[in-house]
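Structural overview for review
Chain by chain, the residues run as shown.
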Amino acid sequence: MTLTELKEYVQARRIVSEREVSLHFRIEESAIEPMARRWVEKGLMAIVDMDGTKCGGCTACADGIKRHYEWLGPQSVMFKK
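Please read these numbers as outputs of a predicted model, since none were measured by experiment.

A few words now on the pairing of strand S3 (residues 67–71). Where strand S1 (residues 15–17) lies against S3, three bridges are found, and the strand directions are antiparallel. Across the sheet, the residue bridging to isoleucine 15 is glutamate 70, located in S3. The pairing of strand S2 (residues 45–49) with S3 spans five bridges and is antiparallel. The residue of S3 that forms the bridge with alanine 46 is glutamate 70.

What follows is the structure, given as structure tokens:
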């Protein structure tokens, strides 16, 4: 996963769990936060610690899924899967 791939994935979904990113890119969850931090430092992404409540993307987070990433920057013109 590159920084651009992470950006495009989160940007397309607006808010995603660390587990979703891990499964999508087939990488360890521990490798995601350091990369996401680069976008956070630029003010384009936020790291959101959820408490199991609704964020708007689903019904509620399963136990253990706490860290989410939210895209704050401009939206892409193209939607990439």
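It is worth spelling out the nonpolar core at this point. Grouped together as the largest cluster of nonpolar side chains are twelve residues: Leu6, Tyr9, Val10, Val16, Val21, Phe25, Ile32, Ala36, Trp39, Met45, Tyr69 and Trp71. Broken down by secondary-structure element, the contributors of at least two residues to this core are helix H1 (3–13), helix H2 (18–25), helix H3 (32–41) and S3.

Moving on, we get to the pattern of salt bridges. If you walk through the whole model with that rule in mind, you get five salt bridges. Close ionic contact of arginine 14 with glutamate 70 constitutes a salt bridge, the shortest N to O distance being 2.8 Å. Taken as a pair, arginine 14 in the loop between H1 and S1 and glutamate 70 in strand S3 lie far apart in primary sequence, 56 residues in all. Take arginine 14: its relative accessible area is 41%, and that puts it in the partly exposed class. Notably, a salt bridge pairs glutamate 18 with arginine 67, separated by 3.6 Å at the nearest N-O pair. Of this pair, glutamate 18 sits in helix H2 while arginine 67 sits in strand S3, and the two are 49 residues apart along the sequence. The class of glutamate 18 is buried, set by a relative accessible area of 10%.

Checked against the element boundaries, tryptophan 39 lands in helix H3. What makes tryptophan 39 buried here is its relative accessible area of 13%. For the pair tryptophan 39 and lysine 7, spaced 32 residues apart in sequence, the C-alpha to C-alpha distance is 7.7 Å. Apart from residues no more than four positions distant in its own chain, tryptophan 39 is found in contact with Leu3, Thr4, Leu6, Lys7, Leu44, Met45 and Trp71.

About the criteria used
Residues numbered from 1 in each chain as written. Predicted model: local features only at pLDDT ≥ 70, side-chain atom pairs only at ≥ 80, totals over all residues. Heavy atoms only, no water. Pairing = 2+ DSSP bridges. Helix = DSSP H or I, 4+ residues; strand = E, 2+ residues; numbered from the N terminus. Core = buried A, V, L, I, M, F, W, Y, C linked by side-chain atoms within 4.5 Å. Buried < 20%, exposed > 50% of the residue type's maximum accessible area, 1.4 Å probe, protein only. Salt bridge = Lys/Arg side-chain N within 4 Å of Asp/Glu carboxyl O. Contact = heavy atoms within 4.5 Å.

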